[in-house]
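Coordinate inspection notes
Residues per chain are reported as follows:
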Amino acid sequence: MKRVHVIDQKTLGGTLSNRSNEALNRAYPPPAHVAWQPGPGVYLAAVGVNSYALRIHDRQGDLADIVNLTSACAQLAWSPDGSILGIAQTQGAALLLWRAASRSESAVETNMRGFLCLAWSRTGAVVAAGTAKGNLLLHHVAQNRSVPVLGKHERAITGMAWTRNDTLVTVSDDRSFSVSTPDGDTVFHQTLKSAPRDLRLLSLVMPDDPNGRPHTVAAMAVEGGKNVYLHSLTAPTSAAPIEFALQLKYGPVVALAPVPLHLSGGSSAPASNGGDAPILAGRLAVACANGYVIFLSLQAKDLGQEVAGARPFKGNPLTAVAFSAGDEPGLSMALASGGIVKVIDVAQSPDLREIAYTVNVDDGDADVSAPVERVAWSADRRFLTVCKGGDVMTYVSSVSAVAATNGDITASVSGLNEVSLNGGNGAAVRKLTVGGEPQLMAMTRTHIAAAWGSTAAVYDLAELQLRVTHAAAGPVLAMDLHPAHLYVVTAKDMAVVRVPAAQPANAKSIAALPAPITSEVLATLGRPALLSAAHPQLLVATHGTTISVYAPPARRCIDYDLHKPITQLVAGPQSPLLLVDTGSAAGCLIVNPAQGTEVSVPAGMGNRYLWDTALPNVLYAWTDGGSGNGGAAGGDGGVDRRESLTTLVYLPQTLTGPPAVVAACSVPLPANWTPAHVTRGTVTCVAPGGRTLAFTARDGSLLANYYLGDTAKVVGAVARMRQQQVQQQQGATQLSLMDARQVAQLVDACLQSLDLATAAHVLQLAGEPARAAYLLACAQGDTEAAVLRGHVLVYLNDITGAQEMYLRSRQPRRALDLRRDLLQWEQALALAAKVATPAEEVELSRAYAVSLEAEARYADALVMYNRAREGCVPGSRTERVCAFGAARMRLRVGDFKALRTVVELNDMGLMADAGAILEEMREYADAAALFERAGKWDRAAANYLRVKNLGKLAKVMAKLAAGAAPSSGTAAGSGTGASSAASSPSLASLWSEYGTQLEAAGQVEPALDAFTRARDAVQATRLLLSLSRIDEAVAMVRSTRSREAARLVADFFARMGNAAAVIEFYVLADMRSEAQARARDAGLVHVYLDLLGDDISHEDLLAAALYYEQRKDALRAGQYYMRAGHHEAAVAHLLRCGDAREALDLAIECVGRARSDALTHEVVAHLMTGTSAAAKDPRYIFRLYMSLGQVREAARTALIIARDEWANGNYRPARDVLHETAAQMRAVKCHVPAQMRHMLMLLHSYMLVKVLIRADDHLGGARMLVRVSRNISRFPAHVVPILTSTVLECLRTGLKGSAAEFAAVLMRPENRGRVDAKYKKKIETLVRKQQEDDRDPVEETSPCVYCGMALAVTELDCPSCRNTLPFCVASGYHMTLLDWSQCPSCASPGLLPAMQALAAKSPECPMCSAQWSPAALAHVPDPRAALAAWMGAAESEADAAAAGSPTAATAGAGSSLS
């Protein structure tokens, strides 16, 4: 804020005081009384406290008048309209009234003295004054009548305010307030607990009002300023008062002010401060002595709550407070402490945290030691007056924002009576001094006009010489400048003043002032509310709701009645279009009075508009908190709310038909800058102080350039987008997402403007040739507007709109073609009755019937077939097709009388379709008959089989046996193809079913023939065996190699006790696993291997080795291990044979094949060591291999050790050996054998049971017990205890199926006697009372880590990818990539949630027993790498070993030990 003028202490006078401390009076004179004139705000009244001379200054600080007083001033108060200043004197008996118009004062003589306060009624008709003795004076100004009211209060009246209904509220030191009429009659009187202070009136909905109506409420500070008291004046007796207690730290209240609802988050319009607010107050602003400013909510939901607060001076007390007054929107508060004044704009800072202005009053000539004691706002909040140390200083927040431009020169107000002229392009800024503060300005190429008060003046731009001065009859309300005339509007008339041509620089005379228009012309024109002379050949003015267009100077051409209020009028220099703001729900309109058209402007664009001077259909909108005046470019007050400048384009032709206005783009509008002129998108702005700024209104988007007519730039930009995309991504065919969005918006704009050619060009460049081709074809075709709109609506998928447009055009047939192409038959038929021929209507009905038949709407299809048939030529192909369709539909709806029609029509395709329909309806007999007539022998046979009609089947099956082709498609003449081959049964299944029915009828030989034709080896073999035709059965099996048939023959020989024959047929049917199993059971494994001969596989040899290993035949086991390539296993078994020569020979041969130093050393060690058990202890061998780093050999030994410990019931040592070995193998990236992983999984699952149960995870423990129990043979030492625990835990966790399963195992004879007595009865009961529905609940699933297939969480073998999945160390569940974690110590994999849950209850890792915590666990960054590390070596090695490769056979031998 800038200081504009000062009234110093010496000039103001009143340095003496009646305060007792004379030294204080000399150091800090009391603050002066100041008051700004409301309304026009021209005058500032100021008087020292003890001065007898009241000084009245204007806005520029010049002295306007001096009023002599008879005693010290008590208070100053202006009437609401600013016409009269009331002056109350402390000791004088007269009340002085100073009139601004005449600058004269008058005295109202009274018999009262000691006035303290003064207040004007809202209408200004009555002024009230209160005295120190509680008396009241009411003076009616118009009647010059005074009404003294003695004893209104018992003590001094300290404050008063008038309501909007002209009732007076007074507060007094007698601890009460009263409400009185304008004649002084008391309406209401209320006694309070303490003396009230700082009276303010506001409008509020009282919480106890059932109707929710607004109440006029008196707000005041009570209890020494500690509380805020609210009392309804609308219903003072019925509405309960409200009292808010403030925090003690705030200190006493020094000022109150209502905050309008629109500044509190509501939607009401601004309200005037002081008196009764015309709208609801949303908050109450409270300023307290200790420096706090708070907002108290006045809304029902949080009434009395502090919703905002601040302490601007950080602990310093407030010395003066002022809230803005008047009718300007918004609320500003000035807070003073010491020599600093801070201003807060509530509209900009609702939370009171932002300081709008900070004024250091100590700067300049002010007394630094004195504090600011009083502040006061002008009505428009532009001036702030500060009283400090006896001086009165006035600051201005901003000069007027009024500006004007002619395109080359921009004029703006840079001082209170100074105008800056900026020519741009580096030209020097010129200054023009005018006779007053400009409120309006207008410019042409040669002149500039300015208006202030009731004066308008025109200056020559070249020499800045005054050319015309016009003294209006009243304040100038609007003004505009034409090249030859000045139009001045007052409250009474509009004067048209002639503007002479520019004078030479040395001219001394001034053009004679033109006379105003005669009264007849004024009467004809009337006083316009708004006018604009922007167009060089037109003058536009408004009269009420009518827009009048004149040819200068005053010849009326057009009157256009808008039938709506007009609050803003903006004309363009290049177009007859007018922008009109109605100020109503209709919003803004673009009006063409010559054509009588009105087009709505999109809402929310702004409240100020400006036309482009070069582009006739382009205008610009922005939001301005100030109010505009006539041709001025801006207002001079209020809150600046500019945020952005929006470019609007008027489209004379659009997709929807009528003209429209669209928003092209929006760019940020710099704060405090006002657009004054725009040419081709280049905006010239002005700011207070005369500064100018030029920027472009285009945001660089495709849409903005297109609307502003720069098509070449648009096309180039799209081409560059595509080129950049191709360069960045080789072979890219699509634009980036951002570019595609811009192109889509551009294409939509082109289509809305019916510019199909540009849209097609853009789409072609954007890489969408198909769409571009469609639009280009449309653009090159019929150019009728309705047809083009239809094409665009089809492109936009608005089919209904496209149809309407086509029907409006000269080519309505396009609507029918559109509906038919889209298969919208109902709409097409409706249109066909209007625009199509009868033949076309018949074809549409037939096509619609076919569509309905496909949709299974058979009744509707029948109607359409009949409708089409009615219009057909009898005997035509179309009539026959419709007859076929009608017959089918009759069958579909259950009318079996149509069968006669089907037969009469004698069409094989129709009969096949009818048969298919009857087949779907389960009318198999009739369907079979129709299929037989149609030659569909397979379909006929299938239906005869369903009804078991063997008599008909014999004939049909004979046809099939003779080689009749099965159904393969639709016969000629068929309408739908219902009897397609997709639904035809296979011949094999027909013959098989036929054989089954013949066998049931006792016809064995025909049945055997049918089974043979069906190649059903199982059924044929079964019959042959039942007929004791063994040789034929054997031949059947050998020819078909059927597994099931071979099983039947094998079972036959098994019953005969011929095991060798059983094995032979299993091998013959390639059932090796069954043959091997039977050979194992019969002890004929050598026979089985002999039958295999040269076809023997690695798996067979390995299985034989395992077999003999289990039989303790070490010699044969070693022999087959050696043949299988498992040399290590072979040597191990052969050495167990002791010193047998054959075994040693085979061992030496095996070592020779293996070429392994390790095997060589092993055999040598065996041969050289003694026969003691200690020397052959495998643990020593394991330690030897580990020390040598021979991990694979150690692994094989570890399996042996672990298996021995396992068999002895030492599960933890066995688990630890396997875990340690697997960890060593993974460390050297060696593949961990599947057997070792499987053994480790089973042992850890058993060890995990106690850990999970101890952690209260009984379900997890039960599932681990189920896993162990399914492998109970691997735990021979604890079969019964494990099974017993499994049954009990499964019962506890609801796994009823598993509990019953393992309870049955426990009750087997070999286990029953060892069951603990206390559980035995419970388990027996469970087995006896087992229910069929006793099943385990469905187990949750998670994805396989290899293929992603959903598996049960306890499943470790994936049936899809056949991989063994790693298990979680904490839960036993299979791992998932998403939750992969691992133990920090042993790196054992685990699911992170399970590990964290277990770590929270158990401080040790269940695998390595190391300490862990939930915080130390985290996701593995690369779970795929962790999975590979868990496997050890590459999977290919394991696969190779499984496939039997020589190199991998040795590595896999250790995992095959059993």
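Residues numbered from 1 in each chain as written. Predicted model: local features only at pLDDT ≥ 70, side-chain atom pairs only at ≥ 80, totals over all residues. Heavy atoms only, no water.

1. Description of the environment of His761
Put simply, the rule reads: Each helix corresponds to a stretch of at least 4 residues labelled H or I by DSSP, and each strand to a stretch of at least 2 residues labelled E; elements are numbered beginning at the N terminus.
Tracing the backbone through its elements, the reader meets His761 in helix α7 (residues 756-765). In this structure the C-alpha to C-alpha distance between His761 and Ala773, which are twelve residues apart in sequence, comes to 9.2 Å.

2. Describing the sheet that holds strand β53 (residues 618-622)
Cut-off, in case you're wondering: Criterion used throughout: strands pair if DSSP finds at least two bridges between them. In this description, a line fitted to the C-alpha atoms serves as the axis of each element, helices being fitted only across the stretch in contact, and the angle between N-to-C directions of two axes falls anywhere from 0 to 180 degrees.
Spatially, β52-β53-β54-β55 is the arrangement adopted by the four strands of the open sheet, whose pairing is antiparallel. With partners counted over all chains shown, the strands left at the sheet margins are β52 (608-611) and β55 (660-668), one partner each. Shown here is a sheet whose adjacent strand axes are inclined to one another by a mean of 25°, direction ignored. Here strand β54 (residues 644-651) runs beside β55; their pairing, made up of eight bridges, is antiparallel. Note on β55: the bridge partner recorded for Leu648 is Ala663.

3. Comments concerning the sheet that holds strand β57 (residues 682-687)
With antiparallel pairing, three strands are arranged side by side in an open sheet as β56-β57-β58. The sheet is open, and its two borders are formed by β56 (674-679) and β58 (691-696), each paired with just one other strand. Mean inter-strand twist for the sheet, computed between neighbouring axes without regard to direction, equals 25°. Across six bridges, the pairing between β57 and β58 is antiparallel. Paired with Thr682 across the two strands is Thr696, which belongs to β58.

4. Examining the packing of aromatic side chains
Heads up, the rule is: By convention, a stacked pair of Phe, Tyr or Trp rings (six-membered ring in the case of Trp) has centres within 6.5 Å and planes under 30 degrees apart, an edge-to-face pair has planes over 60 apart, and any other such pair is tilted. Note on classification: 1.4 Å probe, protein chains only; a residue is buried when its accessible area is under 20% of the maximum for its type, exposed when over 50%, partly exposed between these limits. Charges are assigned to positions over rings by a cutoff of 6 Å between ring centre and Lys NZ or Arg CZ, combined with an angular limit of 35 degrees from the ring normal.
The full count for this structure, using the stated rule, is 13 aromatic pairs. Measuring from centroid to centroid gives 6.4 Å for Tyr774 and Tyr795, while their planes differ by 10°, and the two rings are stacked. With Tyr774 in helix α8 (residues 769-780) and Tyr795 in helix α9 (residues 785-795), this pair connects stretches of sequence that are 21 residues apart. By relative accessible area, which is 30% here, Tyr774 ends up partly exposed. Centre to centre, the rings of Trp1206 and Phe1275 are 5.1 Å apart; their planes meet at 70°, and the pair counts as edge-to-face. Of the two residues, Trp1206 is situated in helix α35 (residues 1191-1207) and Phe1275 in the loop between α38 (1258-1269) and α39 (1279-1293); the sequence distance between them amounts to 69 residues. Judged by its relative accessible area of 3%, Trp1206 falls in the buried class. Among the aromatic residues, those joined into a cluster by ring pairs are Trp1206, Tyr1211, Tyr1246 and Phe1275. Over the ring of Phe313 we find Lys342; its NZ or CZ atom is 5.1 Å from the centre of that ring.

5. Digging into the nonpolar core
Spelled out, the test is: Residues belong to one nonpolar core when they are buried, are Ala, Val, Leu, Ile, Met, Phe, Trp, Tyr or Cys, and are joined through side-chain atoms within 4.5 Å.
By size, the foremost hydrophobic cluster in this structure holds 84 residues, and its most contacted members are Leu891, Val902, Tyr994, Phe1053 and Tyr1088. Core analysis: the second largest hydrophobic core is formed by 76 residues, Leu669, Leu816, Leu844 and Ala849 among them.

6. Observations concerning the side chain of Ser1371
As a reminder, the rule being used: Counting of polar contacts relies on pairs of N or O atoms within 3.5 Å, with two restrictions inside protein: one atom must be capable of donating a hydrogen and the other of accepting it, and residues adjacent in sequence are counted only when both atoms are side-chain atoms. Working rule for contacts: check all heavy atoms of both residues, and any pair within 4.5 Å makes them a contact.
For Ser1371, the position within the fold is in the loop between β60 (1350-1352) and β61 (1380-1382). A polar contact of 3.3 Å, which involves the side chain of Ser1371, links it to the backbone nitrogen of Tyr1373. When sequence neighbours within four positions are dropped, the list of residues in contact with Ser1371 reads Leu1248, Leu1252, Met1264, Leu1391 and Ala1394.

7. Side note on the packing of helix α15 (residues 877-892) against helix α16 (residues 898-905)
Definition in use: Any angle that is under 35 degrees is reported as roughly parallel, and any over 145 degrees as roughly antiparallel; angles of 65 to 115 degrees are reported as roughly perpendicular and all others as oblique. By the definition used in this description, the sense in which the near helix is turned from the far one sets the handedness, with an anticlockwise turn below a right angle giving left-handed and a clockwise turn giving right-handed. Three residue categories are used. Nonpolar comprises Ala, Val, Leu, Ile, Met, Phe, Trp, Tyr, Cys and Pro, charged comprises Asp, Glu, Lys and Arg, and polar comprises the others, including Gly.
The contact between α15 and α16 brings their axes to 9 Å, and the two run at 150°. Between α15 and α16, the angle is such that the two are roughly antiparallel. Crossing geometry of α15 relative to α16 is assigned as left-handed. Contacts from Arg880, Ala883, Phe884, Ala887, Arg890 and Leu891 in α15 reach Ala898, Leu899, Thr901, Val902 and Leu905 in α16. The residue inventory of the contact of α15 with α16, partitioned by class, reads eight nonpolar, one polar and two charged.

8. Some words on the packing of helix α19 (residues 937-947) against helix α21 (residues 987-1000)
Where α19 meets α21, the axes come as close as 10 Å, and the angle between the chain directions of the two elements is 30°. Comparing the axis directions of α19 and α21 gives the class roughly parallel. α21 is crossed by α19, and the crossing has left-handed handedness. Where α19 approaches α21, its residues Asp938, Ala941, Ala942 and Leu945 are matched on the opposing element by Leu987, Leu990, Glu993, Tyr994 and Gln997. Broken down by class, the residue content of the contact of α19 with α21 amounts to six nonpolar, one polar and two charged.

9. Considerations on the environment of Ser1371
Looking at Ser1371, the relative accessible area reads 7%, which means it is buried. For the pair Ser1371 and Thr1354, spaced 17 residues apart in the sequence, the C-alpha separation amounts to 9.2 Å.

10. Section: the confidence of the model for the chain
For clarity, the cut-off: pLDDT gives the predictor's per-residue confidence on a scale running from 0 to 100.
Looking at the chain as a whole, the pLDDT averages 80, with 86% of positions reaching at least 70. In this model residues 1172-1177 is a low-confidence stretch, pLDDT under 50, and it forms three contacts with partners more than four residues away in sequence or in other chains. Segment residues 1434-1458 is flagged for pLDDT under 50; beyond a separation of four residues in sequence, or across chains, it makes 42 contacts in the model.

11. A word on unusual backbone geometry
Note on backbone geometry: most residues besides glycine have negative phi, and most peptide bonds are trans. Although it is not a glycine, Arg103 adopts a positive phi angle of roughly 55°. Tracing the chain through its elements places Arg103 in the loop between β8 (94-99) and β9 (104-109). In this structure Arg103 comes out as partly exposed when scored by relative accessible area, which is 43%. Phi at Lys1112 takes a positive value of approximately 65°, unusual for a residue other than glycine.

12. Side note on the pairing of strand β27 (residues 332-337)
Counting buried positions along β27 yields six of six residues, so the element is predominantly enclosed. Judged by which residues are buried, β27 turns out to be covered on both faces: Ser332, Ala334 and Ala336 on one side and Met333, Leu335 and Ser337 on the other are all buried. Across four bridges, the pairing between strand β26 (residues 320-323) and β27 is antiparallel. In the sheet register, Phe323 faces β27, and the bridge partner there is Met333. With six bridges connecting them, β27 and strand β28 (residues 340-345) associate as antiparallel partners. Among the inter-strand pairings, Met333 is bridged to a residue of β28, identified as Ile344.

13. Some points on the side chain of Thr385
Mapped onto the fold, Thr385 is located in strand β31 (residues 383-388). Within the structure, Thr385 has its side chain in polar contact with the side chain of Thr394 (distance 3.3 Å). The contacts of Thr385, once residues within four sequence positions are left out, are Val34, Trp36, Leu44, Arg374, Val375, Ala376, Val392, Met393 and Thr394.

14. Here's the deal with the pattern of salt bridges
Our working definition: By salt bridge we mean one thing: a side-chain nitrogen of Lys or Arg within 4 Å of a carboxyl oxygen of Asp or Glu.
Per the stated rule, a full pass over the model turns up 36 salt bridges. For the salt bridge of Arg820 with Asp817, the shortest nitrogen-to-oxygen distance reads 3.1 Å. A residue pair is termed a helical-turn pair when its members lie 3 or 4 positions apart in one helix, as Arg820 and Asp817 do in helix α11 (residues 813-821) at three residues. Residue classification places Asp817 among the partly exposed positions, given a relative accessible area of 25%.

15. Overview of helix α42 (residues 1317-1328)
The test is simple: The span you would expect from a helix comes to 1.5 Å times its residue count less one. The arc in question is the one traced by the directions running from the helix axis out to the C-beta atoms.
When the terminal C-alpha atoms of α42 are compared, their 17 Å separation across twelve residues agrees well with the 16 Å that a helix rising 1.5 Å per residue should span. Buried within α42 are the following residues: Ile1323, Glu1324 and Leu1326. When α42 is viewed along its axis, its buried side chains cluster within an angular range of 160° and face the same direction. Away from its buried face by more than 90 degrees, α42 exposes Ala1317, Lys1318, Lys1321 and Arg1328.

16. Section: the pairing of strand β16 (residues 176-180)
With five of five residues buried, β16 lies mostly within the body of the structure. Of the two faces of β16, the one carrying Ser176, Ser178 and Ser180 and the one carrying Phe177 and Val179 are both buried. Strand direction decides the pairing type here: strand β15 (residues 168-172) and β16, joined by five bridges, are antiparallel. Looking across to β16, one finds that Val169 is bridged to Val179. Here β15 folds back onto β16, and the loop between the two strands holds three residues, one of which, Arg175, carries a positive phi near 65°. Here β16 pairs with strand β17 (residues 186-191) via five bridges, running antiparallel.

17. Topic: helix α43 (residues 1392-1401)
For α43, the set of buried residues is Leu1392, Met1395, Leu1398 and Ala1399. Buried residues in α43, looked at end-on, bunch into an arc of 135°, giving them a common side. Residues of α43 that are exposed and point over 90 degrees away from its buried face: Ala1400 and Lys1401. The inward-facing, buried residues of α43 contact α37 (1234-1254), β61 and β62 (1389-1391).

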